[in-house]
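Inside the fold
Here is how the chains run, residue by residue.
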Amino acid sequence: LDVTEEDVSPVLTATRIALLEDAERHLELVTSRAEAFVAGEIEDLRDELEDSLRSHRPRAGHLEEENARTRKAALLDQRRRFDRYLRSIASTARYNEERMAKAIDDANASIDSRCAKITALKDSLGTCASTKGLDIRGREEMRELERVRKHCVDLAAQLRSQAERNKTATEESNAKFIAETLKTRENGGEYSPEVCEEYKARLARVDQAAVATKEAHDATFTAMEERAAALANETHAAYEEAVPHHRKDLELIETVDKCMAEAKSQLKALLAKSDEEAAALAKEIDLVKAIGDGARYVAPVDHFGEFRAPKDEGAAVDTLRSLDRLRRMLLARCKFVGILAESTDIKLPEVSFNLEDVEPELPDEEILAKEEEAKAAAEAVKAASGGKYLKGWHAKDEQYPTVVSQMDELVERCKERVKEAAEPFYADKDVDAITRPDAIPAKAEDLSATKDAIVVELREEAARHAEEGAATLRLQVLTLQDLVSNQVETAMEYLLEEGRRHVAEAMHAEAAKHAGDAKRLVGDRNRHKDLMRPQLALPSRKTERDSLVESETTRGKEAFEKLETEASAVTDAIADAASAFERKLTKMSIAVAQLCSDLVTPGDLVEDGPGADAPKVLTRKNLKQLRRMRHEAADGGTKAAKRRDTEGGRPFKERRWLPVPVEDLTPSACGYEPLELPPLRWPGDPPPTPPAPPAEPGEGEAEAEGEAAPEEGAEGAEGAEGAE
């Protein structure tokens, strides 16, 4: 043990002073006992001498003898009183010394206990779980150090005050005894001046002893303060020496724990995003089913954008938009879950949703500016996040980054960060100085192994999520064909009904333009009919009859002309509406074919992988199969079930959606044919010339045709009047 001279010197000085004081007290005690013994012997010899003299005294000396006896009793009483006072002073001094010694011992014990708290704080650094806890423990240590120092100063002040009170009490008691008791005959007392001077001298020595005792105590108090300060500084230095080792260990542990916490948080965000996408896909499939069932279609919130007002686009456009969202969601979901085959190559080209001949009106510039700002903000957030799902870590170049591969990359990234933090730690750290060997191994290579349980848990959670998501997704892909077929059928029926409605509206609109002339001509015909009566057959009514015939002939010709004009206009309107329907149907067919060809089918999925057993639940079992399964369960599952219908392979092939060239899809390929109407023929019109008659007609046939022409004109006129 190395102890400096400065530390030992105060203790040696205090010890010497205490030994000298004890020797002085012992000397005083021995001296007082010797003086008492000498005084007793002198008294005894004096009494013996007086007895010898008294036996020979003269009679005249009786009076003096009585006075001497009284004076002797008085002197003895004074001495005894003074001795009693000295004994009381000595008893008080001993009591004060005992109290002072006990107070000093208590003070030292209190200082030691306070310093022991600092030592306990140093020993408890191993229980700190973080650097913040270490900082809190450091602040507690500094407060405790300040308390120790202040407590030492307070204790020294209290002890000095107590020593001063003891000295003052002794001096005041001596002064009071001198003032009240040690009085000469001139001052009304009974003490002689010689006795008073003697007693005052002895009391003065008592005062000097009290002063010396106080000075010795002051030296003891100073030594106690120095010892306390040295002990406090020593414990504080030991604490400060131990803190850096704990801090380095805790910083490494926090770095590792932070990596694990970030991995958990990122996995949680990844799975939450996956759940959101799964919910969005399920919602989109419900919308597909709703459109196919003819239910009321409710467009999603983001269907028209944040800044555009919603509008009704019809079931056809809604189907195209729904299929576009479905193909994108389905492909992204299959990639993420990890069930898309590597040979699958789906490009997802852009498809136009405009089925009309005119381009849609663009929104206001203000709305376009807001959309550009929102798009730029989204791109900035995406660039800052560093990935689609996680923040700042996913940088691996993969064709299909799945949840499992992203989890593996996350673990690798975490291990790299742990390695980066461990290398400088183990380079500067002594292995024997590691304060937490349970959490920090002796080798850097073994540090990552301490978190293997967490890594295994993260991998299992990611694999479980992928398995559940893949099982649900496989079932959705298997059941999607009928839903999409119903949706497309509903959209085509809606488009056909809309085409019929537009054709009818165009026909009625053109007919309405000629309704006034038709109404006027019908009124003239009815008026002419009312004017026809039997009297017109009279020769005198020939002029009136000829005028009526001329008016009716003019009206008939005008009726033929108006009917021809109306029929031509209606035919043109029907042809235009049919052509527009043909173009719309062509666009719709091409768009539907493109969107459906981009949907993920069961053939695009891997046969083995997550959720591969999920489609088996769709196979319904008959009673024989259920009975066989029950028998197998009763036998413990040792016998494998055999099916005779599968021994030679499946008797059928799975139906697949073959790719169709969308450029060859036309309405005529779907069974629609153009409507060709022959031109209308009016009475008096020449018959249409045939393009290439097979043979020349004979003379009889030519005459028959000439005779049939007037009859046909007459029938056409009657038909025209009926049409009016």
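Residues numbered from 1 in each chain as written. Predicted model: local features only at pLDDT ≥ 70, side-chain atom pairs only at ≥ 80, totals over all residues. Heavy atoms only, no water.

Quick look at the overall build of the chain now. Along the chain, the regular secondary structure elements total 13 helices and 0 strands. Ordering the α and β elements of the chain from the N terminus gives α-α-α-α-α-α-α-α-α-α-α-α-α. Among the 724 residues that make up the chain, the fraction classed as buried is 29%. Across the chain, contacts joining residues at least 24 apart in sequence account for 82% of those joining residues at least 6 apart. (Helix = DSSP H or I, 4+ residues; strand = E, 2+ residues; numbered from the N terminus. Buried < 20%, exposed > 50% of the residue type's maximum accessible area, 1.4 Å probe, protein only. Contact = heavy atoms within 4.5 Å.)

Our focus in this paragraph is the pattern of salt bridges. This model, assessed by the stated rule, comprises 35 salt bridges. Of the charged contacts, one joins Arg501 and Glu505 as a salt bridge, the two residues approaching to 2.7 Å between their closest N and O atoms. Taken together, the positions of Arg501 and Glu505, both in helix H9 (residues 480–513) and 4 residues apart, correspond to about one turn of that helix. Judged by relative accessible area, Arg501 falls into the partly exposed class, the value being 36%. Measuring nitrogen to oxygen at the nearest pair gives 3.4 Å for the salt bridge that ties Arg533 to Glu544. Placement of Arg533 in the loop between helix H10 (515–531) and helix H11 (542–597) and of Glu544 in helix H11 is noted, with a sequence separation of 11 residues between them. (Salt bridge = Lys/Arg side-chain N within 4 Å of Asp/Glu carboxyl O.)

Another aspect to go through is the side chain of Ser274. Considering the arrangement of structural elements, one finds Ser274 in helix H4 (residues 193–292). Once you skip the residues sitting within four places of it in the chain, Ser274 turns out to touch Arg333, Phe336 and His465.

Within the secondary structure, Asn166 sits in helix H3 (residues 131–180). Leave out the neighbours within four places in its chain, and Asn166 touches Asn96 and Met100.

Let's shift gears to the packing of helix H7 (residues 403–428) against helix H8 (residues 452–478). Orientation of H7 relative to H8, taken along the N-to-C sense of each, is 165°, at an axis distance of 9 Å. Relative to H8, the element H7 is oriented roughly antiparallel. Along this stretch, H7 crosses H8, giving a crossing that reads as right-handed. Contact residues: Val403, Val404, Met407, Asp408 and Val411 in H7; Val455, Leu458, Arg459, Ala462 and Ala466 in H8. Of the residues that constitute the contact of H7 with H8, the class distribution is 8 nonpolar, no polar and 2 charged. (Axes fitted to C-alpha atoms, helices over the stretch in contact; angles between N-to-C directions. Parallel < 35°, antiparallel > 145°, perpendicular 65-115°, else oblique. Left-handed = near helix turned anticlockwise from the far one by under 90°. Nonpolar A, V, L, I, M, F, W, Y, C, P; charged D, E, K, R; others polar.)

Leu320, Leu326, Leu330, Cys334, Val484, Met588 and Val600 are the most contacted members of the largest nonpolar core, which totals 65 residues. At the level of elements, H4, helix H5 (314–337), H7, H8, H9 and H11 are the ones that each hand at least two residues to this core. Ranked by the residues each element gives to this core, the list is headed by H4, at 12 residues. When near neighbours in sequence (up to four residues on either side) are disregarded, Val484 contacts Val288, Leu323, Leu326, Cys596 and Leu599. Residues Met100, Ala103, Ile111 and Met224 belong to the second largest nonpolar core, which totals 18 residues. (Core = buried A, V, L, I, M, F, W, Y, C linked by side-chain atoms within 4.5 Å.)

Relative to the 38 Å expected for 26 residues at 1.5 Å per residue, H7 spans 39 Å between its end C-alpha atoms, a close match to the ideal helical length. Of all the bends in H7, the greatest reaches close to 25° and is centred on Ala422; the proline Pro424 follows between one and four positions later. Restricting attention to buried positions, one finds in H7 the residues Val403, Ser405, Gln406, Met407, Glu409, Leu410, Val411, Cys414, Val418, Ala422, Phe425 and Tyr426. Here the buried face of H7 lies against H4, H5 and H8. (Expected span 1.5 Å × (residues − 1). Bend = angle between axes of the 7 residues up to and from the residue.)

Turning our eyes to something else, we now look at a negative patch on the surface. Residues Glu5, Glu6, Asp7 and Glu234 make up a contiguous surface patch of negative charge. Counting residues per element, the negative patch draws most heavily on helix H1 (residues 5–54), which supplies 3 residues. In this fold, Asp7 is placed in helix H1. Residue class for Asp7 comes out partly exposed when judged on its relative accessible area of 47%. (Patch = residues over 30% accessible without salt bridge, like charges linked within 9 Å, V, L, I, M, F, W, Y side chains within 5 Å. Areas by Shrake-Rupley, 256 points an atom, 1.4 Å probe, with all protein chains shown as cover. Lys, Arg positive; Asp, Glu negative; His and termini not counted. Charge placed at Lys NZ, Arg CZ, Asp CG, Glu CD.)

A word on the confidence of the model for the chain. Of all residues in the chain, 75% attain a pLDDT of 70 or more, and the chain-wide mean is 76. Averaged pLDDT values over the elements of the chain bottom out at 39 in helix H13 (residues 699–723) and peak at 89 in H3. Contacts for the low-pLDDT stretch residues 638–655, under 50 throughout, to residues beyond four places or in other chains number 10 contacts. A low-confidence stretch, residues 697–724 stays under pLDDT 50, and its non-local contacts, those more than four residues away or across chains, total 16 contacts. (pLDDT = per-residue confidence, 0-100.)

Further remarks concern a nonpolar patch on the surface. Taken together, Phe37, Val38 and Ile42 make up a surface patch of nonpolar side chains, about 290 Å² in accessible area. For Ile42, the position within the fold is in helix H1.

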